Amino acid sequence: MLRTTNLNLLRSLHVLLEECHVTKAAARLHISQSAVSRQLAQLRALCQDQLLVRNGNQLIPTAKAVTLKIKLDSLLGEFDALLTEVPFESKDYQGELVFASSDYVAQYLFPDIAQHLTQQSPKLDLSFQLWEPNLINQLHETGIHLASSMLAQKPDNVSSIYLGSDIPVCVMASDHALAKQTSITVQDIVQYTHVKVTGGADKDSLVDRQLSTKGYSRRVALKVPFFSTAMSLLVNSDRLMVLPEHIATNLARHWDIKTHSLPFKTQEQKYWLFWHPKFDNEPAHKYFRNEVAQKLRTSKYSV
């Protein structure tokens, strides 16, 4: 029966049973009196009951109508609640937020993000995953709610917030032979082997492309997934690394390293916070992504 029933009739029936008056019901429903009369006739046929019977100048609900009204009070109340957006309260939120980014973010930025979010939402569960570039087209399947990474352009098919940009630089141990120079050349860059961090986003392939246009290539002798490992390998050798400038600057607070500008111009490296568009209008997601974006923009370790 539900498949062939106009569900708008249920709302009309509820109003009719509340008002017991066709004209007043029509005013509440914003339709004509004759339209309400037609609906009442349909309802009588559907329910096989008169529903409202005349008693002088009044309409009186039948016994079946009284029973139907009790059920409609509950049913339509639940339906209204279903479609009414409850104001988001961060302190009451209970659920999980899955955030993906590089191991650099995990080590230097995520602790502050986690502390801030759990202060605002004590019942929030946080999960961090190491970002991989191929995941950008699989956000729905992976269950990742938010991700931050470096991309040359605004990412397609996802929603995003631009966080900032910087340029790549060459990094070495402070006692490296090149550290004593005021600048470096292309020949200097390719003379030494390099360390590459593979975890998270692509951080240095644009430099390889630039070198290639000049007829050069560098040898990446060591590839490791973590910055801490890469730094340990770097400071105890004559190897070089190419890193985003803000990461090199911040790592210099913890490691004895020196930074040189590259001897050629490179494309800016842009940083984004992004998520699947299915979360665009979700109140909790709106709140958490704005809080995370703010912390990423203002952290002393950020771009």
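Notes on the structure follow. Here, residues in each chain are numbered from 1, in the same order as that chain's written sequence. The predicted origin of the model limits local features to residues at a pLDDT of at least 70 and limits the giving and counting of side-chain atom pairs to 80 or more, whereas totals for whole chains, interfaces and linings rest on all residues. Hydrogens and water are ignored here; the side-chain numbers use all heavy atoms of the structure.

### Some points on unusual backbone geometry
Here is step 1 of the chain: Phi at cysteine 20 is positive, roughly 50°, even though this residue is not glycine.
Here is step 2 of the chain: Positive phi outside glycine occurs at leucine 51, with the angle close to 65°.
Here is step 3 of the chain: Within the secondary structure, leucine 51 is located in the loop between α3 (33-47) and β1 (52-55). Numbering goes from the N terminus for both helices and strands, where a helix is a DSSP run of H or I of at least four residues and a strand is a run of E of at least two.

### Describing the environment of leucine 251
Here is step 1 of the chain: Inspection of the secondary structure assignment puts leucine 251 in helix α11 (residues 245-251).
Here is step 2 of the chain: For the exposure calls, accessible area comes from a 1.4 Å probe over protein chains only, and a residue counts as buried if that area is under 20% of its type's maximum, exposed if over 50%, partly exposed in between. Accessibility expressed as a relative area gives 0% for leucine 251, which makes it buried.
Here is step 3 of the chain: Between the C-alpha atom of leucine 251 and that of histidine 194, which follows or precedes it by 57 residues, the distance is 17 Å.
Here is step 4 of the chain: Excluding its chain neighbours within four sequence positions, the residues that come into contact with leucine 251 are Tyr104, Tyr108, Phe227, Met231, Leu243 and Ile257. Throughout, a residue-residue contact means that at least one pair of heavy atoms, one from each residue, lies within 4.5 Å.

### Focus: helix α1 (residues 8-19)
Here is step 1 of the chain: Expected helix span is taken as 1.5 Å per residue step, with the number of steps being one fewer than the number of residues. With 12 residues, α1 ought to run about 16 Å at 1.5 Å a step, and its terminal C-alpha atoms sit 17 Å apart, in line with that.
Here is step 2 of the chain: Along α1, the positions that sit buried rather than exposed are Leu9, Ser12, Leu13, His14, Val15, Leu16 and Leu17.
Here is step 3 of the chain: Once α1 ends, the next one or two residues include cysteine 20, with phi positive near 50°.

### Here we look at empty space enclosed by the protein
Here is step 1 of the chain: Two kinds of site are reported from a 1 Å grid over the protein atoms alone, namely cavities, where a 1.4 Å probe fits but cannot get out, and pockets, open sets with protein on both sides within 12 Å along at least five of seven lines, and residues are called lining when an atom falls within 4 Å of a point. Grid points are joined across faces, edges and corners, and a volume is the space filled by probe spheres set on the points. Evaluated as defined, the whole model comprises 2 cavities of 30 Å³ or more.
Here is step 2 of the chain: In terms of lining residues, the largest cavity is bounded by 20 residues, among which Ser101, Ser102, Val105, His246 and Tyr271 are the most central.
Here is step 3 of the chain: Mapped onto the lining of the largest cavity, the elements with two or more residues apiece are α5 (103-108), β5 (146-151), α11 and β12 (269-275).
Here is step 4 of the chain: Per-element tally for the lining of the largest cavity: the top contributor is β5, with 3 residues.
Here is step 5 of the chain: Grouping the amino acids of the lining of the largest cavity by side-chain chemistry returns 13 nonpolar, 6 polar and 1 charged.
Here is step 6 of the chain: Estimates place the volume of the second largest cavity at around 30 Å³.
Here is step 7 of the chain: For the second largest cavity, the full set of lining residues is Leu109, Asp112, Ile113, Lys295, Leu296 and Ser299.
Here is step 8 of the chain: Secondary-structure elements contributing two or more residues to the lining of the second largest cavity are α6 (110-120) and α12 (283-298). Note that Gly is not counted as nonpolar here; it falls among the polar residues with everything else outside the nonpolar set of Ala, Val, Leu, Ile, Met, Phe, Trp, Tyr, Cys and Pro and the charged set of Asp, Glu, Lys and Arg.

### Section: the packing of α6 against α12
Here is step 1 of the chain: Interaxial angle, 0 to 180 degrees, is taken between N-to-C directions of lines fitted to C-alpha atoms, where a helix line uses only the stretch in contact. Taken N-terminus to C-terminus, the directions of α6 and α12 make an angle of 140°; their axes are 10 Å apart at the nearest point. Here α12 runs oblique to α6, going by the angle between their axes. Crossing handedness for the pair α6 and α12: right-handed. Along the contact surface, α6 presents Asp112, Ile113, His116, Leu117 and Gln120, while α12 presents Tyr287, Phe288, Glu291, Val292, Lys295 and Leu296.
Here is step 2 of the chain: Of the residues belonging to the contact of α6 with α12, the class tally is 6 nonpolar, 2 polar and 3 charged. Relative orientations are named as follows: roughly parallel for angles under 35 degrees, roughly antiparallel for angles over 145 degrees, roughly perpendicular for angles from 65 to 115 degrees, and oblique for any other angle. Take the far helix as your reference; a near helix turned counterclockwise from it by less than a right angle gives a left-handed crossing, and one turned clockwise gives a right-handed crossing.

### Re the pattern of salt bridges
Here is step 1 of the chain: The salt bridge criterion pairs a side-chain nitrogen of Lys or Arg with a carboxyl oxygen of Asp or Glu, the two atoms within 4 Å. Evaluated as defined, the whole model comprises 5 salt bridges.
Here is step 2 of the chain: Linking glutamate 18 and arginine 28 is a salt bridge whose minimum nitrogen-to-oxygen distance equals 2.9 Å. Of this pair, glutamate 18 sits in helix α1 while arginine 28 sits in helix α2 (residues 22-29); the two residues are 10 residues apart in sequence, bridging distant segments of the chain.
Here is step 3 of the chain: Residue classification places glutamate 18 among the partly exposed residues on the basis of a relative accessible area of 37%.
Here is step 4 of the chain: Taking the shortest distance from any N to any O, the salt bridge between lysine 91 and aspartate 92 comes out at 3.3 Å.
Here is step 5 of the chain: A relative accessible area of 44% places aspartate 92 in the partly exposed class.
Here is step 6 of the chain: Each of Glu18, Glu19 and Arg28 takes part in salt bridges that share partners, so that together they form one network.

### Observations concerning the packing of α1 against α2
Here is step 1 of the chain: At a minimum axis distance of 9 Å, the contact between α1 and α2 shows a crossing angle of 135°. Considering the angle they form, α1 stands oblique to α2. Every pair of crossing elements has a handedness; the one defined by α1 and α2 is right-handed. Mapping the contact onto sequence places Arg11, Ser12, Val15, Leu16, Glu18 and Glu19 in α1 and Val22, Lys24, Ala25, Arg28 and Leu29 in α2.
Here is step 2 of the chain: Considering only residue class, the contact of α1 with α2 consists of 5 nonpolar, 1 polar and 5 charged.

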